[in-house]
Amino acid sequence: MSLDWIYYAISWILLTWHSAWDAIVPTAAVIGTNWSWILAIIFLVVTVRVILFPIFVKQIKSQRAMQALQPKVKELQEKHKGDRETLQKEMMELYRKEKANPLMGCLPIFLQIPVFLGLFHTLRRLDPGKTQKTLYGWTVEQFDSAAHAKLFSAPIAGKFGSTADELARLGASGHTVKIVAGILVAIMIATTYLTSRQMILKTGWAEDPQQRMVQRLMLYGIPVSLLVSGSIFPIGVIIYWVTNNLFTLGQQQWVLRKFPPLVPPKGAAGTKGTAQPAKSGGLFGRKTAQPAAKAPAAAPKVAAPKPGAKPVNPKKGRPAKRQA
């Protein structure tokens with residue numbers, strides 16, 4: 001299956017934004033950076049995320065549905081303890097009946113994979129030694145401009161693992177490329193971890209083993225894998241990834257504050273009660289001090305009369321009635 005349509009689409013968005021910013025910001029490098037190309041990559045992210053925003057809202061709704069099913073999931077786990085095959089069948093039937101999709105949480109990420117691959121392929125082509133410069137709607141002038149575009153003197157087509165020949169064709173210093181790419185990879189790993197941690201802090205760990213495994217993969221597996229794969233990503237692709245993560249952090253914070261996840265009351269599974277909005281400890285898990293609840297004032301104790309004592313007049317202080 002040809003992916004040319006993806007390369008054409010990504011190139012069109014990238015070149016459109018570059019043309020727009022090229023008319024606003026200086027063409028020459030400022031602080032060793034060609035800002036029109038950097039901003040074009042950043043606004044490529046903005047364009048994609050605006051298009052995917054309705055799907056992100058569906059993702060949040062699906063997560064709420066999954067959370068509401070946790071008491072029933074617990075019941076099934078207790079009922080079919082030790083029978084994994086039956087448990088999986090019953091849980092899939094439950095999801096089908098309640099129209100909940102445990103994989104919906106990964107859909108926005110899966111839809112962004114073609115965009116990432118398209119940008120990766122496009123930027124990897126930015127080699128001044130290439131003879132085919134007009135693929136995917138590029139002009140020779142645009143190709144040469146992007147091939148020499150830099151971020152703090154490191155070409156956006158360069159990568160941490162660039163060979164000496166590649167660096168020579170790009171006219172770049174190996175030390176500069178490694179420093180800039182290394183810092184960006186570290187930021188990419190940190191922001192990837194924080195985006196997953198932010199969501200888990202808000203919604204909590206899933207009771208479903210399959211769902212919990214996906215959460216662990218998102219939280220730890222992907223950031224660790226970036227230690228290796230980050231060395232082959234062009235700097236322009238890492239800029240895209242970091243920008244996308246920062247956009248996700250802001251978008252999740254806004255959505256989760258506006259529509260906080262509901263947490264069922266404490267107690268046994270299936271206990272009825274009014275769900276309360278989840279209280280977040282913030283992005284880094286810091287807990288906010290809550291004012292101590294005041295205990296209700298205890299009713300004053302009335303001592304019982306001693307044996308043989310005269311009864312106390314409850315209407316003490318009132319004048320006695322005269323007898324006729």
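Here goes a summary of the coordinates provided.

Calculation rules
For every chain, the first residue of the written sequence is number 1, and numbering continues from 1 onward in sequence order. Only residues with pLDDT of at least 70 are given local features in this predicted model, and only at 80 or more are side-chain atom pairs given and counted; all residues enter the totals for whole chains, interfaces and linings. With hydrogens and water excluded, all non-hydrogen atoms of the structure serve as input to the side-chain values. Helix numbers and strand numbers start at the N terminus; a helix is a DSSP run of H or I with at least 4 residues, a strand a run of E with at least 2. Think of it in three bands: with a 1.4 Å probe and only protein chains considered, a residue is buried below 20% of the maximum accessible area for its type, exposed above 50%, and partly exposed in between. Two residues form a contact once any of their heavy atoms are found within 4.5 Å. A 1.4 Å probe and the Shrake-Rupley method give the accessible areas. Residues count as covered only by the protein chains that appear here. Polar contact criterion, stated in full: a pair of N or O atoms within 3.5 Å, where within protein one must be able to donate a hydrogen and the other to accept it, and residues adjacent in sequence count only if both atoms are side-chain atoms. What a helix should span is 1.5 Å times the count of its residues minus one. Note that bend, as reported per residue, equals the angle between axes fitted to the 7 residues terminating at that residue and the 7 residues originating from it. Centres within 6.5 Å are what make two rings of Phe, Tyr or Trp a pair, Trp counting through its six-membered ring; a difference in plane orientation under 30 degrees is then read as stacked, over 60 as edge-to-face, and the rest as tilted. In this analysis, axes come from line fits to C-alpha atoms, helices being fitted only over the stretch in contact, and the angle between any two N-to-C directions falls in the range 0 to 180 degrees. In this scheme, roughly parallel covers angles under 35 degrees and roughly antiparallel covers those over 145, while 65 to 115 is roughly perpendicular and the rest are oblique. Handedness of each helix crossing follows the sense of rotation of the near helix against the far helix: counterclockwise by less than a right angle gives left-handed, clockwise gives right-handed. Residues are grouped as follows: Ala, Val, Leu, Ile, Met, Phe, Trp, Tyr, Cys and Pro are nonpolar; Asp, Glu, Lys and Arg are charged; every other residue, Gly included, is polar. In what follows, salt bridge is the name for a side-chain nitrogen of Lys or Arg lying within 4 Å of a carboxyl oxygen of Asp or Glu. For this analysis, a nonpolar core means a set of buried residues of the types Ala, Val, Leu, Ile, Met, Phe, Trp, Tyr and Cys, connected via side-chain atoms within 4.5 Å.

## What to know about the overall build of the chain
When helices and strands are tallied, the chain shows ten helices and four strands. Seen in sequence order, the chain has helices and strands lined up from the N terminus as α-α-α-α-α-α-β-β-α-α-α-α-β-β. Every one of the 324 residues in the chain was classed for burial, and the buried ones make up 38%. Put simply, 70% of the contacts in the chain that link residues at least 6 apart link residues at least 24 apart. Accessible area of the chain: about 20,200 Å², with a carbon and sulfur share of 64%.

## Observations regarding the side chain of Asp 127
By secondary structure assignment, the location of Asp 127 is in the loop between α5 (107–124) and α6 (140–147). By relative accessible area, Asp 127 is classed as buried at 15%. A distance of 3.0 Å separates a polar atom in the side chain of Asp 127 from a polar atom in the side chain of Arg 169. Non-local contacts of Asp 127, meaning those with residues more than four positions away in its chain, are made with Phe 143 and Arg 169.

## Some points on helix α9 (residues 209–229)
Between the first and last C-alpha of α9 there are 28 Å, a value that for 21 residues agrees with the 30 Å anticipated at 1.5 Å per step. Maximal helix bending in α9 amounts to about 40°, located at Leu 217. Among all positions in α9, only Gln 211, Val 214, Gln 215, Leu 219, Pro 223 and Leu 226 are buried.

## Quick look at the packing of aromatic side chains
The full count for this structure, using the stated rule, is 14 aromatic pairs. Both rings, one in Phe 116 and one in Trp 241, keep their centres 5.3 Å apart while their planes meet at 90°; by these two values the pair is edge-to-face. Of this pair, Phe 116 sits in helix α5 while Trp 241 is found in helix α10 (residues 235–258), placing the two residues 125 residues apart along the sequence. Exposure class is identical for Phe 116 and Trp 241. Each is buried. Arranged with centres 5.9 Å apart and planes meeting at 25°, the rings of Phe 233 and Trp 241 form a pair that is stacked.

## Structural notes on the environment of Ile 24
Tracing the chain through its elements places Ile 24 in the loop between α1 (4–22) and α2 (35–68). On the basis of relative accessibility, which here comes to 63%, the residue Ile 24 falls in the exposed class. Separated by twelve residues in the primary sequence, Ile 24 and Ser 36 have C-alpha atoms spaced 8.3 Å apart.

## Side note on the packing of α2 against α5
Two numbers describe how α2 lies on α5: the axes approach to 9 Å, and their chain directions differ by 160°. With respect to their mutual orientation, α2 and α5 come out roughly antiparallel. Crossing of α2 against α5: the hand is right-handed. Along its contact with α2, which presents Ile 41, Leu 44, Val 48, Arg 49, Leu 52, Ile 55, Phe 56 and Gln 59, the element α5 presents Leu 107, Pro 108, Leu 111, Gln 112, Val 115 and Leu 119. Looking at the contact of α2 with α5 residue by residue, the class counts come to eleven nonpolar, two polar and one charged.

## Some remarks on the pattern of salt bridges
Side chains bearing opposite charge may pair, as long as their charged atoms lie close to each other. Tallied over the full model, the rule gives six salt bridges. Glu 85 is paired through a salt bridge with Lys 89; the nearest N and O atoms lie 3.7 Å apart. Separated by four residues within a single helix, Glu 85 and Lys 89 lie in helix α4 (residues 84–98), roughly one turn from each other. Looking at Glu 85, the relative accessible area reads 57%, which means it is exposed. Salt-bridge contacts for Glu 93 lead to Arg 96; the nearest nitrogen and oxygen are separated by 2.5 Å. Of this pair, Glu 93 and Arg 96 both sit in helix α4, three residues apart, roughly one helical turn. Classification of Arg 96 as exposed rests on a relative accessible area of 56%.

## Observations regarding the packing of α5 against α10
For any two helices packed against each other, one specifies the crossing angle of their axes together with the interaxial distance. Two elements in contact, α5 and α10, have axes separated by 9 Å at closest approach and are oriented at 155°. Here α10 runs roughly antiparallel to α5, going by the angle between their axes. Counting all contacts with α5, which are made through Gln 112, Val 115, Phe 116, Leu 119, Phe 120 and Leu 123, the residues of α10 involved are Gly 236, Val 237, Tyr 240, Trp 241 and Asn 244.

## Looking at the nonpolar core
Counting 49 residues, the largest nonpolar core has Leu 119, Trp 138, Phe 233 and Ile 235 as the members making the most contacts within it. Taken together, the elements giving at least two residues each to this core come down to α1, α2, α5, α6, α7 (164–170), α8 (174–203) and α10. Here this core takes eight residues from α2, the largest share from any one element. Here Trp 138 is in contact with Ser 11, Leu 14, Leu 15, Trp 37, Thr 122, Leu 126, Lys 133, Phe 143 and Ala 146, once residues within four sequence places are set aside. Of all hydrophobic cores here, the second largest spans nine residues; its members include Leu 87, Leu 94, Tyr 95 and Ala 100.

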